[in-house]
Each structure stands twice: as C-alpha cells, then as structure tokens.
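Letter by letter, the chains look like this.
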Amino acid sequence: MKNKVTTLSEFIVERQGDFPFAKGELSRLLSSIRLAAKIVNREVNKAGLVDILGEEGTQNIQGESQQKLDVFANEHFIKAMENQGEVCGIASEENENFIAYESELAQNGKYVVMIDPLDGSANIDVNVSIGTIFSIYRRVSKSGRATLEDFLQPGTKQIAAGYIIYGSSTMLVYTTCNGVNGFTLDPSIGVFCLSHPNMKFPSTGTIYSTNQGNFVHYPEGIKQYIRYCQEEDLATKRPYSCRYIGSLVADFHRNMIKGGVFLYPQTFKNKKGKLRLLYECNPLALIAEQAGGKATNGEKRILEITPQGLHQRTPLMVGSVEMVEKAEEFLRRFPGEKGER
Ligand code: AHM
Ligand code: MG
C-alpha cells in the first residue's frame, strides 16, 4: 500500500509548532501564498489559449517590458497578502515603491513580504518554465503603516522563503528555516502534495548554469572557473554540462535536485550584477543554505548583505557547496577588475 499523502495545508499546520511566537499567523500567510499560487498557475497554464500573452505595453521600473501575466500575478499576490491581515506591506519587482496596506486589519499585521511575482517572464510566450519567488520578514516597526526599514533587512532575518515553479508540473518549495520541502500540485484536485521532503543540494555536481553569451564581459575569475568546468578530468567528471534556462527558479530548482552551480556575475554591462537582492537572491540563498548549499556574491554571503534599496542588484553564485567554493577560489586567484573585459 502506498504511503499516506501529506497535503501542503496539513504540512503547514503540522509545522505550526515550529513558531511558538507566530501562532497561526505564519500558517495563514503561507496559506494565502498557496491560494494565490494556484490562481496564477491556472492563468499560466492557459496562457497559450487565451489572449493574455504579449507585451502589456508598460515598463517596470527597471525599464523592462512587462507582460500581461506579470501584471496578473502581481495583482493577485498583492491582493492575497492583504486579505488575511497578517501582512502590513509588500514589495514587488513590478512596483517601484513598496505597498503599505491601508486597512486597519493589515496595519496590525506583523509581517512584510517581498516578491517577484513572475520571474523569467521572457520565457512566458515560448512555453518555458517560469516561477514566483517570495520572502517573508517580521516587520521592525511596531504597528501602523509599513515603513521602508521593514523591507531593508538583511536576508539572515528572513523567517520564511520559497518559490513556485510553473514547469512540466507546478511545485511549491519553501522553508521556514527548518529544512526545505517541495510540494507538487495535483491539478485534478487542485491540491499541493508533499513530493520532495527535506530537499538537499548534493555537495557537488556536474552542471554549471550561466549565460555564456556574456562570457566576454565576465570577471577574469569567473572566466577561469568556466574554463575549469570545460576541462577534461575523469576524477571530477569534467567537462561539466552547461544548462541554462534563463529562468532563475528553474535553473536553481534543477541544480538543487541534481547538483550544480548557478552563476550570474557582474558584467561589463551590469556592473552590479543583474539579479535583485531582496526578492530573487535572498529567498533562494535562504533555501540553498537550508538545503545544505551555499550562496555568495563572490565576496560575502548573500544573506549578510545590508540592503540599501528595494531593487538593489547583486552578483550571485549559488548551488552545491563544493562548486560554489571552487568558483570563489578562482575569483580570489584572478581578482581583476569587476566586470573587466
Ligand atoms: P526578470 O525578473 O526580468 O524575469 O529577469 C530575471 C531573469 C532570471 O530568471 C534569469 O536567471 C535571468 O533573468 C536571465 O537573464 P539573462 O537573459 O541576462 O541571462
Ligand atoms: Mg525577476
């Protein structure tokens, strides 16, 4: 007989005891994310069928074109976080400023959420995996409207983080700082079921993920590391495979399961890197560490970076410990100018 299926809602309730200070609040917050994820998943799945694809015609604050599904996902997560009253404010990749909820209920909420509602959006209209990334903090202000300080906390202060991957199946993977667990959506009944308990990054692997088209603009240490990945060596199973989807969540998820490293360094064009610290790198860094992996900007732990702005960017190297440390070693050996040709 098969093992009993554990649903995400059962799991959230079982783990509620991990948070004596949070009582049911964090559970309710995670349940809101679960619901919004299902709604976004429904729209993502019918994206090819209805007239929802294509450019929305607006640009987000980084000057990138927004697509309709980004807007839809953004609106749904913003609404879902407001409704339960646990969250006093939300910051999103799609909004220049954070949103401080107006209702009295929400202003009593103890948490703030940071979110990339639909990451990898360039992949939407070509039917390639995309994802949602979220990060949860306790507010530092006492009550009332959320403040900027509530959002500008280092990643070490996260109390939970996760992602949803809309891929060949839809999964929700999250941590409440007590390991990482993955749930696969059974679309026939609309329920997330525990499919990947206690996920762990293999300590090493044979995959490196990077946009190799940028090679010429990479720092010397990263160029040298990539050359190392491509060399032949039986003992370390090199050359490694290069796998790059261009959706951070999908590349990260694959590497966590199979073992690998993801590199998005500073480049000649993006001197500070491309990926956003607060709602892309920090949540994945927390998940990586909770799964026994490592995340760094090449000099320091991602989680220890003090954020200065909501949309701050950072170089990112994340994945299997031994592979990240090898890349760091190359950066030390070949310091060079950041993003120097
Ligand atoms: P987005 O937030 O505009 O979707 O951009 C983030 C995405 C990541 O998912 C991915 O790792 C990266 O951008 C890919 O960038 P590039 O096309 O430069 O390789
Ligand atoms: Mg993004």
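What counts as what
- Residues numbered from 1 in each chain as written.
- Chains lettered and ligands numbered in written order.
- Predicted model: local features only at pLDDT ≥ 70, side-chain atom pairs only at ≥ 80, totals over all residues.
- Heavy atoms only, no water.
- Buried < 20%, exposed > 50% of the residue type's maximum accessible area, 1.4 Å probe, protein only.
- Helix = DSSP H or I, 4+ residues; strand = E, 2+ residues; numbered from the N terminus.
- Axes fitted to C-alpha atoms, helices over the stretch in contact; angles between N-to-C directions.
- Parallel < 35°, antiparallel > 145°, perpendicular 65-115°, else oblique.
- Left-handed = near helix turned anticlockwise from the far one by under 90°.
- Contact = heavy atoms within 4.5 Å.
- Nonpolar A, V, L, I, M, F, W, Y, C, P; charged D, E, K, R; others polar.
- Donors = N, O, S within 2.8 Å, 3.2 Å for Na, K, Ca; no water.
- Near = heavy atom within 4 Å.
- Polar contact = N/O pair within 3.5 Å; in protein donor to acceptor, adjacent residues only side chain to side chain.
- Pairing = 2+ DSSP bridges.
- Phe/Tyr/Trp six-rings, centres within 6.5 Å; stacked < 30°, edge-to-face > 60°.
- Lys NZ or Arg CZ within 6 Å of the ring centre and 35° of its normal.

S.K.: Just checking my understanding: could you explain helix 7 (residues 248–258) for this structure?
M.R.: One full turn of an α-helix is made of 3.6 residues, so residues set three or four places apart face in the same direction. Of all 11 residues in helix 7, nine are buried; the element is thus mostly enclosed. L248, V249, A250, D251, F252, H253, R254, N255 and M256 are the residues of helix 7 that are buried. Of the residues one or two after helix 7, G259 is the one with positive phi, at around 95°.

S.K.: Sorry if this is basic, but what is going on with the packing of helix 6 (residues 220–230) against helix 9 (residues 321–333) here?
M.R.: Helix-helix packing: each pair is described by the crossing angle between the helix axes and the interaxial distance. Where helix 6 contacts helix 9, the two axes come as close as 7 Å, and the packing angle between them is 130°. As the angle between them shows, helix 6 and helix 9 are arranged oblique. Crossing of helix 6 over helix 9 shows right-handed handedness. Two secondary-structure elements touch here, helix 6 through G221, I222, Q224, Y225 and Y228 and helix 9 through M323, K326, A327, F330 and L331. Among the residues forming the contact of helix 6 with helix 9, the class breakdown is seven nonpolar, two polar and one charged.

S.K.: Help me understand the coordination of the magnesium ion (ligand 2) in this model?
M.R.: Metal coordination angles have textbook ideals: 109.5 degrees for a tetrahedral set of four donors and 90 or 180 degrees for an octahedral set of six. Looking at the magnesium ion (ligand 2), the protein donor atoms are E93 (OE), D116 (OD), D119 (OD) and E280 (OE), and they sit 1.9 to 2.3 Å from it. Within one chain, the residues serving as donors to the magnesium ion (ligand 2) are arranged as E-x22-D-x2-D-x160-E. Taken as a pair, E93 in the loop between strand 3 (87–92) and strand 4 (99–100) and E280 in helix 8 (residues 277–290) lie far apart in primary sequence, 187 residues in all. A single burial state applies to E93 and to E280, both of which are buried.

S.K.: In this structure, what is going on with the site of ligand 1? I would like to understand it.
M.R.: Taken together, 17 residues lie near ligand 1, and D119, G120, Y244, L248 and Y264 sit nearest. The separation between an oxygen atom of ligand 1 and a polar main-chain atom of S121 is 3.2 Å. Here an oxygen atom of ligand 1 sits 2.8 Å away from a polar atom, N or O, in the side chain of K274. Secondary structure elements with two or more residues in the shell around ligand 1: strand 5 (111–119) and strand 13 (261–264). Split into classes, the residues belonging to the shell around ligand 1 amount to five nonpolar, five polar and seven charged.

S.K.: Mind showing me how you'd approach the sheet that holds strand 4 here?
M.R.: Where strands meet in a sheet, backbone hydrogen bonds hold them as pairs that are either parallel or antiparallel. Here eight strands make up an open sheet; going across it, the order is 4-3-5-6-7-8-9-10 and the pairing mixed. Edge positions in the sheet fall to strand 4 and strand 10 (191–196), since each has one partner strand and no second. Bridging between strand 9 (residues 180–186) and strand 10 involves five bridges; their strand directions are antiparallel. If you follow D186 over to strand 10, its bridge partner there is V191. Sheet strands touched by helix 3 (residues 68–83): strand 3, strand 4, strand 5, strand 6 (130–138) and strand 7 (160–166). Its angle to strand 5, the strand with the most contacts, is close to 160°. The strands that helix 8 touches are strand 3, strand 5, strand 6, strand 7, strand 8 (170–175) and strand 9; relative to strand 6, the one it contacts most, it runs at about 80°.

S.K.: Can you walk me through the packing of aromatic side chains in this structure?
M.R.: Each aromatic ring pair is specified by the distance between its two centres and by the angle formed by the two planes. The full count for this structure, using the stated rule, is 11 aromatic pairs. Their ring planes at 25° and their centres at 5.9 Å tell us that Y225 and Y228 sit as a pair that is stacked. Here Y225 and its partner Y228 are both found in helix 6, three residues apart, which amounts to about one turn of the helix. Assigned by exposure class, Y225 and Y228 land together as buried. Taken together, the aromatic side chains of Y225, Y228, F330 and F334 make up a single cluster linked through ring pairs. Directly above the aromatic system of F268 lies the positively charged group of K271, at a separation of 4.3 Å from the ring centroid. A cation over an aromatic ring shows up here: R333 above the ring of F330, its NZ or CZ 4.9 Å from the ring centre.

S.K.: Just to check I follow, could you spell out unusual backbone geometry for this structure?
M.R.: Among all residues save glycine, negative phi is the norm, and among peptide bonds the norm is trans. Cis geometry is found at the peptide bond from R238 to P239, where omega equals 5°. Along the polypeptide, P239 turns up in the loop between helix 6 and strand 12 (241–242). Even without a glycine there, the phi angle at N127 is positive, about 60°. Here N127 lies in the loop between strand 5 and strand 6. In this structure, C177 is a non-glycine residue whose phi angle is positive, near 70°.

S.K.: Sorry, what's going on with the sheet that holds strand 12 here?
M.R.: Taking strand neighbours across the sheet as the criterion, the five strands line up as 12-11-13-15-14 in an open arrangement whose pairing is mixed. Two strands in the sheet have a free side with no partner beyond their single neighbour: strand 12 and strand 14 (294–296). Direction of pairing for strand 13 relative to strand 15 (residues 316–319): antiparallel, over a ladder of four bridges. In the strand pairing of strand 15, L263 is matched with M317. Here helix 7 sits on the sheet in contact with strand 11 (207–209), strand 13 and strand 15, set at roughly 165° to strand 11.

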